[in-house]
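Architecture at a glance
Below, each chain spelled out in residue letters.
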Amino acid sequence: MDERTRYFRRLKRLRSAARRWSVLGGGLAAATAVLTPYQGIGWADAIWAGSAGASVALAWWRFSDHRELAALPAPPPPPPALAGAKLTAALERFPVGRTMISEVRRQKNRYALRGSAITHAWDRLDVASSTLSALSGRLTGSGEGAVLEAAVAEEWLRDLGQRVASVERALPLSPPEQRAGLAESHGLLAEQFTEGVDAYERLVAAAASYVAEDGHPVTEGKHPAFASLVDATDKLRGIAEGLSELKRPA
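Read on for a plain summary of the structure. (Residues numbered from 1 in each chain as written. Predicted model: local features only at pLDDT ≥ 70, side-chain atom pairs only at ≥ 80, totals over all residues. Heavy atoms only, no water.)

**Section: the packing of aromatic side chains**
Going by this rule: Put simply, two rings from Phe, Tyr or Trp (the six-membered ring, in Trp's case) pair if the centres are within 6.5 Å, and we call them stacked under 30 degrees between planes, edge-to-face over 60, tilted for the rest. In this description a helix means any DSSP run of H or I spanning at least four residues, a strand means any run of E spanning at least two, and both kinds are numbered starting from the N terminus. Partly exposed describes any residue whose relative accessible area lies between the buried limit of under 20% and the exposed limit of over 50%, with all areas from a 1.4 Å probe on protein chains only and scaled to the type maximum. Charge-over-ring contacts are defined here by two conditions on Lys NZ or Arg CZ: a distance within 6 Å of the ring centre and an angle within 35 degrees of the ring normal.
If you walk through the whole model with that rule in mind, you get one aromatic pair. Taken together, a centroid distance of 6.2 Å and an interplanar angle of 15 degrees make the contact between W122 and F193 stacked. Placement of W122 in helix α5 (residues 119-135) and of F193 in helix α7 (residues 176-214) is noted, with a sequence separation of 71 residues between them. Each member of the pair, W122 together with F193, is buried. Here the guanidinium or amino end of R158 rests over the ring plane of W122, the centre of that ring lying 5.1 Å away.

Put into structure tokens, the structure is as follows:
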């Protein structure tokens, strides 16, 4: 909630509270003025009068707070981009929305590299990043450090890829005497990006090997869970056959 919305919501709440306490105080004061002459002033009339006085005092305080708040200038409206940021933040709270936002961002970055020499390497980086995201939940212990290193490397590679595409788009616009040096710099950047993607893919392959070896049983043979599954199956089959013989004897 932005400051402007909070300001007007508080202003409305104070005005409603002042009206509510004014109506309550007026009603209690009228009831006290009507009921007191019948039986004189007693403990019940003191409660009526005290409640009426307290309601009037609260109404006056709420009106005072309302006047002080209304005298302050209202905060400026939020920029239009804030609404989109709020919608994005709301969508990212859910797994489906997070996946959708990630896909939109990926397609936007992919569209910025259309026709570039590193498009194929960029697609390989996307595939490797998705694979590592699927493996990251199983990279525990010493594997967690590799996930952090991969995140830093991926951010650097994506920034480098955008830089290569920007330089490549500027090549036709450069003067002829500077085009050769700019083309050489672009080639070096593109080569560095491709080598970085190769290294990132090797890291993902190593992560897959770690996950595969971590899933192997410590002892030789099958995993203990597999042996338990086989034993449970044989036990249930034996119970079923015994019940069948009891219900349908030969």
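Don't stop here, the text continues.
**Some points on the environment of R15**
On the secondary structure map, R15 appears in helix α1 (residues 3-39). What makes R15 partly exposed here is its relative accessible area of 29%. Through-space distance from the C-alpha of R15 to that of A59 is 9.6 Å; in sequence the pair is 44 residues apart.

**So, the nonpolar core**
The condition is simple: Residues belong to a common nonpolar core when they are buried Ala, Val, Leu, Ile, Met, Phe, Trp, Tyr or Cys residues joined through side-chain atoms within 4.5 Å. Residues count as neighbours in contact if any of their non-hydrogen atoms are within 4.5 Å of one another.
In this structure, I118, L125, L132, F193 and Y200 are the most contacted members of the largest nonpolar core, which totals 21 residues. Looking at this core, the elements with two or more residues in it are α5, α6 (143-170) and α7. Considering every element that reaches this core, the biggest residue donor is α7, with seven residues. In contact with F193, not counting residues within four places along its chain, are I118, A121, W122, L125, L157, L160 and G161.

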